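# Analysis of the macromolecular model
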Amino acid sequence: MAADGPISPPNVYDAEPIPEAARDEIDRLLTSGDLFRYTAPEGAPVALLEAEFADLLGSRYALAVASCSAALFLSLKALDLPRGARVAIPAFTFAAVPSAIVHADCVPVLIEVGSNYRVDIADLKAKIAEGLDAMLISHMRGHTSDMDAIMELAEAAAIPVIEDAAHSLGTTWAGRNIGTIGKVGCFSFQSYKLINAGEGGILVTDDPEVAARAIIMSGAYEQNWKKHPGLQNSFGHWQNKLPLYNTRMQNLSAAVIRPQIPELARRVADGRANHDYVAGLLNASPWLDVPPPLPQEVRAPDSIQFNLVGFDTDAEALAFQDACKRRGVGVQVFGLSEGNARAYWNWQFLGDLPDLPQTRAMLMRACDMRLPARLTKPDLDFIAQAIFAAAAETKG
Ligand SMILES: *Cc1c(COP(=O)(O)O)cnc(C)c1O
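Counting from 1, residues in each chain are numbered in the order their sequence is written. The model is predicted, so local features are restricted to residues of pLDDT at least 70 and side-chain atom pairs to those at 80 or more, both for listing and for counting; the totals for chains, interfaces and linings are taken over all residues. Hydrogens and water molecules were not included; the side-chain quantities draw on all heavy atoms of the structure.

### Overview of the site of the ligand
Stated precisely, the cut-off is as follows: Note on definitions. A residue lies near a molecule or strand when any single heavy atom of the residue is within 4 Å of it. Polar contacts, as used here, are pairs of N or O atoms within 3.5 Å; protein pairs need one atom able to donate a hydrogen and one able to accept it. Residues neighboring in sequence count only if both atoms are side-chain atoms. The method behind every accessible area is Shrake-Rupley, applied with a 1.4 Å probe, and residues are considered shielded solely by the protein chains displayed. Each residue gets one of three labels, nonpolar for Ala, Val, Leu, Ile, Met, Phe, Trp, Tyr, Cys and Pro, charged for Asp, Glu, Lys and Arg, and polar for the others, Gly among them.
The immediate surroundings of the ligand are formed by Ser67, Cys68, Ser69, Val97, Met140, Asp164, Ala166, His167, Ser188, Gln190, Lys193 and Gly200. Separating an oxygen atom of the ligand from a side-chain N or O atom of Ser69 is a distance of 2.6 Å. Take Asp164: an N or O atom from its side chain is 2.7 Å from a nitrogen atom of the ligand. Surface burial for the ligand is 91%, taken as the share of its 380 Å² of free accessible area covered by protein chains. Counted by class, the shell around the ligand contains 4 nonpolar, 6 polar and 2 charged residues.

What follows is the structure, given as structure tokens:
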């Protein structure tokens, strides 16, 4: 019976267990009560994580903080942008991204996103011509925008690029790690990302001034910056000149994250194989389209996105969503689920929202499905067959 695959839908929501190695370290921390990153003179778990993460990505500096959103906010502050600076973001991203820009007293400028979920370069060019001070590029759901074109435009306009690589750990672009192409790269350790600490984030940069400023503002008050390697001159200059936002990571989070780093290569390889297998099955349907990666991109997906083809009405798309649900598979059309935080028209805190017809059209037919690395081939077959059948039934 098992050979025929699961008889009930696979659970795509449960996390992988945290590696056993975390237990001893957490026990040690609980016994000593040493939870604050700056108490130990050296070798605190957060400091070790920063060294390991910088090494993993090949970056000079890493700063672990409370969330990726905090990392994005600190990156904007560390760039010393003027109040009211115009910061480009893809119109397809998570609501916390424009929120970080608002929090940093800057103004988000939404860029159109194509049906392949990536920044529309022609619209980015047009918005640069209207005036931009920085770009914050979210590689949403791990889909990398054309970083060659973006960096070329950024260099020509002399504006910095922050990469929101929250969901892109393990992705490469022309052989380079995503998050290391722009001036700063930010990653998330929230539970739905490739490394799960419940909450947490980290930023990487090669720029000593940006690193020093971000470290101080993250809450390295008094002489605590001396516990970050290699930046003594920059720190001395900035101490007490910058506000403290106190959004540090604590040692327990680092103890949960560090033993997952050796798991990363497996999660990336399995996640990509799972994704590509399901993509092949879905693309055999005339009603479904999984956009291919860009040629420079090697992805690290833990979910799959696909577009509904020939679904002329929202009612049809909703009927498809229901048909998946009846088969036990939780597919969500981004723009058709009430209040979705990835649909830009729900970002009411921005006030006047622009109309972005291309992004809107994509969101109204783009589907989202979790596909964690731990799924087995029978799980993947179950999911793909359910989606395939739901599309066929709806289009009838
Ligand atoms: C998850 C996510 C964030 C936010 O990360 P947090 O660590 O929860 O703040 C930002 N951008 C993208 C693209 C994400 O996927």
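### Structural notes on unusual backbone geometry
Leaving glycine aside, a negative phi is the common case for residues, and trans is the common case for peptide bonds. The criterion, for reference: The helix and strand labels rest on DSSP assignments: H or I over at least four residues marks a helix, E over at least two residues marks a strand, and numbering proceeds from the N terminus. Each residue is assigned to one of three classes by its accessible area relative to the maximum for its type, calculated with a 1.4 Å probe on protein chains only: buried under 20%, partly exposed between the two thresholds, exposed over 50%.
One non-glycine residue with positive phi stands out, namely Asp80, at about 60°. Within the element layout of this structure, Asp80 appears in the loop between helix H3 (68–78) and strand S2 (86–90). Overall, the relative accessible area of 54% leaves Asp80 in the exposed class. One non-glycine residue, Ala174, lies in the positive phi region at around 50°. Position of Ala174 relative to the elements: it lies in the loop between strand S6 (172–173) and strand S7 (176–177). Among the residues examined, Ala174 registers a relative accessible area of 54% and is labelled exposed.

### A few points about the sheet that holds strand S5 (residues 161–164)
Spelled out, the test is: Any two strands are treated as partners once DSSP identifies two or more bridges connecting them. Every axis in this analysis is a line fitted to C-alpha atoms, fitted for helices over the stretch in contact. Angles between the N-to-C directions lie between 0 and 180 degrees.
In space, the 7 strands of this open sheet follow the order S1-S9-S8-S5-S4-S2-S3, with mixed pairing throughout. Edge positions in the sheet fall to strand S1 (61–65) and strand S3 (107–111), since each has one partner strand and no second. This sheet shows a mean twist of 20° between the axes of neighbouring strands, independent of strand direction. Summarising the sheet, S2 and S3 pair through 5 bridges and their orientation is parallel. If you follow Arg86 over to S3, its bridge partner there is Val107.

### A closer look at the domain arrangement of the protein
Our working rule: Where a domain begins and ends is set by an automatic assignment or by a domain database. Any two residues whose heavy atoms approach within 4.5 Å at even a single point are treated as in contact. The term buried area refers to how much accessible surface (probe radius 1.4 Å) is lost by two components on association, counted for both of them together.
What the domain assignment reports for the protein is domain 1 (20–262) and domain 2 (264–395). On a C-alpha basis, the centres of domain 1 and domain 2 stand 27 Å from each other. Contact with domain 1, which involves 45 residues of that partner, is made by 35 residues of domain 2. Taking both sides of the interface into account, the surface hidden between domain 1 and domain 2 amounts to around 3400 Å²; carbon and sulfur atoms contribute 57%. Taken as a group, Tyr117, Arg141 and Leu194 account for 21% of the area that domain 1 buries against domain 2, more than any other trio of residues on that side.

### Here's the deal with the pattern of salt bridges
For the record, the criterion: In the sections that follow, a salt bridge refers to a side-chain nitrogen of Lys or Arg positioned within 4 Å of a carboxyl oxygen of Asp or Glu.
Counted under the stated rule, the structure contains 20 salt bridges. In this structure, the salt-bridge partner of Glu263 is Arg266, at a minimum N-O distance of 2.9 Å. For Arg266, a relative accessible area of 33% puts it in the partly exposed group. Linking Asp355 and Arg360 is a salt bridge whose minimum nitrogen-to-oxygen distance equals 3.8 Å.

### Brief notes about the sheet that holds S6
Strand order in the open sheet formed by 3 strands is S7-S6-S11, and the pairing between neighbours is antiparallel. The outermost strands of the open sheet, each flanked by one partner alone, are S7 and strand S11 (297–298). As judged from the 2 bridges shared by S6 and S11, these two strands associate in the antiparallel manner. Directly across from Thr172, in S11, lies its bridge partner Val298.

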